[in-house]
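# Architecture at a glance
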Amino acid sequence: MYGPPVDLSFKDINSVTGALAEVPRSGLRPLKTNSKGKYQSCSLRLSNNSISDVTGLQYILSHFLAQPSKLGWLDLSFNKITCIDPVLCELSELRVLYLHGNNIWNLSDVDQLREMQYLHTITLHGNAIETNINYRNHVITALPHLKKMDFSAVTREQQVLANVWHHGRNRGKNTRESLQ
């Protein structure tokens, strides 16, 4: 089940469902299929296209993968995605999520990924959210299982500092609310 990624990158796809008309790129290791013609892979690349949202992602996974519920790695980098869609939270086995080089602008979108208990690697650099001064702290606090963020290790020290930042921020909110 751990075959090479189903690679639909650089296909000029405008929507996730646009991938239906494409044949995955062949790599060094050939893709293997089951008796139903579904690929035996836990990885999907949809990078370097023009995808603006992930509507239809579950359908695409079912179309291409022999075991779509086992998706562990998803590359949506270098597209035109503007928000983190809740459909990503349905990918319960997802461990690696690449979203760098998109147009994601709302930092709080990351919060909904908190329920993804196996997610240990995420890339978000190259999005508008990266310009927020608290970007790294926010993401590390929202996703406590992270081991890597933006291709850099998340250290224990960074986790502690992010938690201090988070608790200080919440204490400030509570103080302001009690004064009103």
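The structure presented is a predicted model; accordingly, all values stated were derived computationally and were not measured.

On to empty space enclosed by the protein, then. For the coordinates displayed, the defined rule picks out one cavity of 30 Å³ or more. Taken as a whole, the largest cavity encloses approximately 50 Å³ of empty space. Lining the largest cavity we find D53, V54, L76, I81, C83, I84, D85, L88 and L99. Of the residues assigned to the lining of the largest cavity, the class counts are seven nonpolar, no polar and two charged.

Attention now moves to the nonpolar core. Counting 45 residues, the largest nonpolar core has L74, L113, I122, L124 and V139 as the members making the most contacts within it. Elements supplying a minimum of two residues to this core: α1 (57-64) and α2 (135-142). Once residues lying within four places of it in the same chain are set aside, the contact partners of L124 are I84, L99, H100, I104, V110, I129, Y135, V139 and D150.

Right, let's get into the packing of aromatic side chains. Scanning all chains against the criterion turns up three aromatic pairs. Ring centres of W73 and Y98 lie 5.7 Å apart, and the angle between their planes is 80°; on these two criteria the pair is classed as edge-to-face. Placement of the pair is W73 in strand β3 (residues 73-75) and Y98 in strand β4 (residues 96-98), with a sequence separation of 25 residues. The class for W73 is buried, based on a relative accessible area of 16%. Residues Y98 and F151 carry aromatic rings whose centres are separated by 5.3 Å and whose planes lie at 65° to one another, so their mutual orientation is edge-to-face. Of the two residues, Y98 sits in strand β4 while F151 sits in the loop between β6 (148-149) and β7 (152-153), which places them 53 residues apart along the sequence. Members of the aromatic cluster, each reached through a chain of ring pairs, are W73, Y98 and F151. The ring of Y118 has R95 sitting right over it, with the charged end atom 4.6 Å from the ring centre.

What counts and how
- Residues numbered from 1 in each chain as written.
- Predicted model: local features only at pLDDT ≥ 70, side-chain atom pairs only at ≥ 80, totals over all residues.
- Heavy atoms only, no water.
- 1 Å grid on protein atoms, 1.4 Å probe; cavity = no way out; pocket = protein on both sides within 12 Å on 5 of 7 lines; lining within 4 Å.
- Points joined across faces, edges and corners; volume = space filled by probe spheres on them.
- Nonpolar A, V, L, I, M, F, W, Y, C, P; charged D, E, K, R; others polar.
- Core = buried A, V, L, I, M, F, W, Y, C linked by side-chain atoms within 4.5 Å.
- Buried < 20%, exposed > 50% of the residue type's maximum accessible area, 1.4 Å probe, protein only.
- Helix = DSSP H or I, 4+ residues; strand = E, 2+ residues; numbered from the N terminus.
- Contact = heavy atoms within 4.5 Å.
- Phe/Tyr/Trp six-rings, centres within 6.5 Å; stacked < 30°, edge-to-face > 60°.
- Lys NZ or Arg CZ within 6 Å of the ring centre and 35° of its normal.

Spatial relationships are all this shows, so hold off on functional conclusions.
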